[in-house]
Amino acid sequence: MALPDLVTTCLSQPVHYAICKLGFEKKDTHDIDNILSENGEVCWQAVTEHVCYLESDQSMDYIKSIRSLGPVCESVNSYFKSLTKEQFVIQYASWFHWTNCTEVFLEVFDVLQSTQTTEVALGLMKLTSCLERALGDVYLLKGNDCPFLLRDLLASEQLADVFGQAVMNVLRVFIGSPHGLNLRNVLWHGFASPQEIPAKYCAMLLFLTAGLGQLLQTYLLQTKGVLVHRPYVVFISLEELDAFPGNEILSIAEELVKLSSFVLKIMLPFWIAALTAFKQSRYADSVILLLPQLEVGLRMLFITTNKCPNRLLTAESSALYTTFDEMLAKHLDDEVINQLPVVLEEPAMESDFLWDFLNYQEGPRIRDHLSHGEINLETFPREIANQIVGFAISILCRFSDENMFSLKEHMVIKPLMNCASCYQSRFHPISRLKKQVLECMKSIHLWPELTTVPEEQVEKIKGLEGNAKGNTLILMISEIISQLQHCMPQNCCTSDDPINGVLTERLLVELCDTRICTLYSPRPVLEVVVVLRKISAQCHQVSQQVIAGAGLRHTQWFNKTLRSRQRLNYQRMLNSIKFLSPVLRLILLLITLEVVSVHSVCKKNPFDYQQYLKFLKSVLQYTENLVSYTSPEKNKWDETTELTKNTLIKIRKISDRKLMLMHLAT
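The structure reproduced in this document is the subject of the present report. Small disclaimer: the values here were computed from a predicted structure and weren't measured. (Residues numbered from 1 in each chain as written. Predicted model: local features only at pLDDT ≥ 70, side-chain atom pairs only at ≥ 80, totals over all residues. Heavy atoms only, no water.)

1. Here we look at helix α19 (residues 382-398)
Reasoning step 1: Here α19 contains 17 residues, and its C-alpha end-to-end distance of 24 Å stays within 8% of the 24 Å for a straight helix at 1.5 Å per residue.
Reasoning step 2: The buried fraction of α19 amounts to 14 of the 17 residues, a majority that puts the element mostly inside the structure. (Helix = DSSP H or I, 4+ residues; strand = E, 2+ residues; numbered from the N terminus. Expected span 1.5 Å × (residues − 1). Buried < 20%, exposed > 50% of the residue type's maximum accessible area, 1.4 Å probe, protein only.)

Laid out in structure tokens, this is it:
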């Protein structure tokens, strides 16, 4: 890796000039009274007149605009510093209500009174994310689908209609446009060190946000509109995110930060501030500070392994930044293999963890949600912060000098590194499929507990003395299980009963624990997994319907409220349950076997793969029909028998032709 002490900035020369120097070139002084009315409202015309335009096409001249607005920002910063917190709250707090996070903006005022540069950068990151979210809410007053990128949001006609184009142009000087200061992206992607962000720009954005609140109030009064705030993202099943042990590691974390080659010296204050925030239970702040530092550290590793040192710096407006998305991709722009994941794959933990927490659609996508203001910062879960801190410390250890051996062997570090080496993806589609299968199996295991009609009462019902067709199906299932035996772990059958001895939750858990490389799964694999997940979901719905239906019918039977036809239908249900349980368990076993070998089947020739996919879709059709037939509206239990028979014939036929299991043969 590049020597962290030698890097003095991650800003390219033009970007460094724009942020650190351009806004300081004009020495004019601006009286705050010129841009602030007596009643405390922003005089927008006095601000917008500093935005300059090119004579050629009247597009914005960002260089001249930054230079012209520099003294205005200085004036606003000095003005805020002259106010007490009480004065600021009285005059401005109400103008931040439209953001739905007033407290965040009041905290930014406190930051402006501080001399700590890390606090200014953190305040600006929180301000821009909350402002973006609030502007998105305003956009929805006039539009439907809010743009994902801040750049597109600020350039939208919808916001220009509400606030005016000139006002939106002022904002674009500071955020959203790669041609302007672009403060949000420069900070959130880890390019700016603490000392490179002037506090006056933070003050100016705070001032502009209050001004936007004033304009919005006028607009809503005129249009009789109501601003509705979208709900925050809420993280559920936090236990799924638990990969690392508790925060005992914090005791030596600061020492690691100072010694690890993963940390740029100019970024060290961010790391220290992040760990301090975690100790103070400011979990959102800790993660907001850490994520950009993980990105810049990985970027340094990326440019070293791929031999492209120029990519450490911010790209110009004509090119893309080197961000997490590109660093974690399989290929570079020229289709050359990206070497960073190769380095991270020993062990595989780093890539899997980053994809889990940042990229996969069913994962927490922490960076996206935080940077776009979609999370309530006040209730940010400690569990997530603990995982990000744990990951950060593990990667600090991984990329550290050999003379840190004693530290790596520390009693609180070794368990952390063991967890890192054992990490498996939890939010890749294959991982979610495993979870679905096990949840469905748990549901089916409840069937034996269903209360049924006593046998002596069943025997009194003429015409339902036996279920020959159901017995035939059970024999077919036993035959298929015998064919599958060589695909399963040895000694998986614990009894002479092939169905209840093999089709067990224990076997599925054992198979699902098989480690699978999920990173960069090819398209055919993902296509198969999509179908398998649909099949699993349908099986689970059938199980839930059977449990609910059986419970209801038994209650009605006991209370003698079933009519004659309903009693017959109830008994058909009970007969069908006897073969539906092993059928669904067989399907779950087939799914699990395919999960642990899905990469292999998709390497076969296209004919085999297409035949196999066609077969899976026929199983999906069967489970969809089962959902329909077992629903309380249909109750077509006799039809499920013939339906199941045809599907079992297909499964057996596929097995015989070796199209489904040939990839498992040894």
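2. With respect to the packing of helix α9 (residues 165-174) against helix α11 (residues 199-223)
Reasoning step 1: Running from N to C, α9 and α11 point in directions that differ by 155°, and their axes come no closer than 11 Å. The orientation of α9 relative to α11 falls into the category roughly antiparallel. Of the two possible hands of crossing, α9 and α11 adopt the one that is left-handed. Mapping the contact onto sequence places Val167, Val170, Leu171 and Phe174 in α9 and Tyr201, Met204, Leu205, Leu208, Leu212 and Leu215 in α11. (Axes fitted to C-alpha atoms, helices over the stretch in contact; angles between N-to-C directions. Parallel < 35°, antiparallel > 145°, perpendicular 65-115°, else oblique. Left-handed = near helix turned anticlockwise from the far one by under 90°. Contact = heavy atoms within 4.5 Å.)

3. Some remarks on the nonpolar core
Reasoning step 1: By size, the foremost hydrophobic cluster in this structure holds 155 residues, and its most contacted members are Phe80, Tyr92, Phe174 and Phe380.
Reasoning step 2: Ranked by the residues each element gives to this core, the list is headed by helix α14 (residues 283-305), at 14 residues.
Reasoning step 3: Both domains that meet at this core, namely domain 1 (13-223) and domain 2 (238-422), each give it at least three residues.
Reasoning step 4: Grouped together as the second largest cluster of nonpolar side chains are 66 residues, Leu450, Leu503, Trp557 and Trp637 included. (Core = buried A, V, L, I, M, F, W, Y, C linked by side-chain atoms within 4.5 Å. Domains from an automatic or database assignment.)

4. Observations concerning unusual backbone geometry
Trans is the common state for peptide bonds, and a negative phi is the common state for residues other than glycine.
Reasoning step 1: The backbone of Lys307 shows a phi angle near 55°, a positive value even though the residue is not glycine.
Reasoning step 2: Along the chain, the position of Lys307 falls in the loop between α14 and α15 (324-327).
Reasoning step 3: Residue classification places Lys307 among the exposed positions, given a relative accessible area of 72%.
Reasoning step 4: Even without being glycine, Tyr520 reaches a positive phi, approximately 60°.
Reasoning step 5: Assessed through its relative accessible area of 25%, Tyr520 is described here as partly exposed.

5. Section: helix α28 (residues 564-595)
An α-helical segment advances 3.6 residues per turn. Residues three or four places apart therefore align on the same side.
Reasoning step 1: Spanning 32 residues, α28 covers 46 Å between terminal C-alpha atoms, matching the ideal 46 Å at 1.5 Å per step.
Reasoning step 2: Along its length, α28 shows its largest kink, about 35°, at Ile577.
Reasoning step 3: Most of α28 is tucked away: 26 of the 32 residues are buried. (Bend = angle between axes of the 7 residues up to and from the residue.)

6. Description of the packing of aromatic side chains
Reasoning step 1: In this structure the tally under the stated criterion is 21 aromatic pairs.
Reasoning step 2: Both rings, one in Phe88 and one in Phe109, keep their centres 4.2 Å apart while their planes meet at 10°; by these two values the pair is stacked. In this pair, Phe88 sits in helix α4 (residues 85-92) while Phe109 sits in helix α5 (residues 102-112), placing the two residues 21 residues apart along the sequence. Across this residue pair, the class does not change: Phe88 and Phe109 are buried. (Phe/Tyr/Trp six-rings, centres within 6.5 Å; stacked < 30°, edge-to-face > 60°.)

7. As for the pattern of salt bridges
Reasoning step 1: Applying the stated criterion across every chain, the model contains 23 salt bridges.
Reasoning step 2: The salt bridge involving Glu505 is made with Lys442; its shortest N-O contact spans 2.9 Å. Placement of Glu505 in helix α26 (residues 505-512) and of Lys442 in helix α22 (residues 429-444) is noted, with a sequence separation of 63 residues between them.
Reasoning step 3: One salt-bridge network, held together by shared partners, links Glu107, Lys126, Arg282 and Asp285. (Salt bridge = Lys/Arg side-chain N within 4 Å of Asp/Glu carboxyl O.)

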